[in-house]
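Analysis of the macromolecular model
Chain by chain, the residues:
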Amino acid sequence: MIVTRFAPSPNGSLHLGHAYSAIVSHDLAREGGGRFLVRIEDIDGARSRPQLAAEFRADLAWLGLEWEEVTPQSLRTASYTAAARRLRDEGLLYPCRCTRAEIAAAARESGPDGPVYPGTCRGAAFDTGKPVAWRLDIAEALRRTGPLTWIDERGGEQRARPELAGDVVLVRKDADTPASYHLAATVDDAANGVTLVTRGMDLFGATHVHRLLQALLGLPVPIWHHHPLLLDESGKKLAKTRGSPSLADRRRAGEDGRALADALRAGSLPAGITLLAGLEDGA
Ligand SMILES: [Zn+2]
């Protein structure tokens, strides 16, 4: 049975791009007679605003979607800690205390997550006591797993290239945010039984890392569907910060949510909004 999920973070309101993503996920599950899950990714301690989750539910119902809600990430942190401990015990993680600015200054390449971490702390002496982030040693991990592939529904078979992202953080430095997106999403997709991971093309690069984590943690491997992104008038990915009205704003203004959902399905987009269809462009 096909199982998809929509996994919003309650650190900002949902906008049209989220609506599109949720509809793609919902419809792929329904077309396959499967289940559509919603998972609240609320472990970004500093930015998470729990009251937004209730808004999200109202937004999704307004769009005419039906879903099953699974356990939010804030109640699942023991699972992320256990997964990280397993990788650390296997010698695949190393501590890093570099700041964002230090990494930006030292990085020579840019990857899907921004500047690629140049490996400054790999193999360095480790003095405990100060907060550290734990990074995945990608080269060592790949040496153990061997070459990996994954399937994107739109793009076909892909060779996993997690090295493009560099040694990503799996356990973050700030104690109130226990796991990085990569670790938490991968562990949860497996726990939730997700068989088709749907998300925007902007996360295509992250999938290389997630495929590697699945191999290291012995998790089942889903199929992915990276959908086109909605772009604003300046050609950038839609974001609340650039003034696109939130779904909650539209809902409260009395707009018909089901009609909006059908328009998005038909590719009939509001003025100024375009769809970036290319697989390569977003990768
Ligand atoms: Zn470092």
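In case you missed it, the structure is sitting above this.
1. Things to note about the sheet that holds strand β1 (residues 3-6)
Spatial ordering of the open sheet is given by β1-β2-β3, a layout of 3 strands whose pairing is parallel. Of all the strands in the sheet, the pair left with one neighbour each is β1 and β3 (68-69). In the sheet, β1 pairs with strand β2 (residues 35-38) via 4 bridges, with the strands oriented parallel. Counterpart to Phe6 in the pairing with β2 is Val38. Sitting on the sheet, helix α1 (residues 16-31) is in contact with β1 and β2, with an inclination near 165° to β1.

2. Structural notes on the coordination of the zinc ion
With distances of 2.0 to 2.3 Å, the protein atoms coordinating the zinc ion are Cys96 (SG), Cys98 (SG), Tyr117 (OH) and Cys121 (SG). Metal-centred angles of 100 to 122° between the 4 donor atoms at the zinc ion mark the site as tetrahedral. When the donor residues of the zinc ion are listed from N- to C-terminus, their spacing reads C-x1-C-x18-Y-x3-C. Taken as a pair, Cys98 in the loop between β4 (93-96) and α4 (100-106) and Cys121 in the loop between β6 (114-115) and β7 (133-136) lie far apart in primary sequence, 23 residues in all.

3. Examining the pairing of β1
Residue alternation in β1 divides its side chains into two sets, Val3 and Arg5 and Thr4 and Phe6, and both sets are buried. Of the crossover connections in this fold, the one passing from β1 over α1 to the parallel β2 is right-handed.

Analysis parameters
- Residues numbered from 1 in each chain as written.
- Predicted model: local features only at pLDDT ≥ 70, side-chain atom pairs only at ≥ 80, totals over all residues.
- Heavy atoms only, no water.
- Pairing = 2+ DSSP bridges.
- Helix = DSSP H or I, 4+ residues; strand = E, 2+ residues; numbered from the N terminus.
- Contact = heavy atoms within 4.5 Å.
- Axes fitted to C-alpha atoms, helices over the stretch in contact; angles between N-to-C directions.
- Donors = N, O, S within 2.8 Å, 3.2 Å for Na, K, Ca; no water.
- Tetrahedral: all angles 85-135°; square planar, octahedral: opposite > 155°, others 65-115°.
- Buried < 20%, exposed > 50% of the residue type's maximum accessible area, 1.4 Å probe, protein only.
- Right-handed = clockwise from strand over helix to strand, strands pointing away.

Honestly, that's just the spatial picture; any functional story needs more than this.
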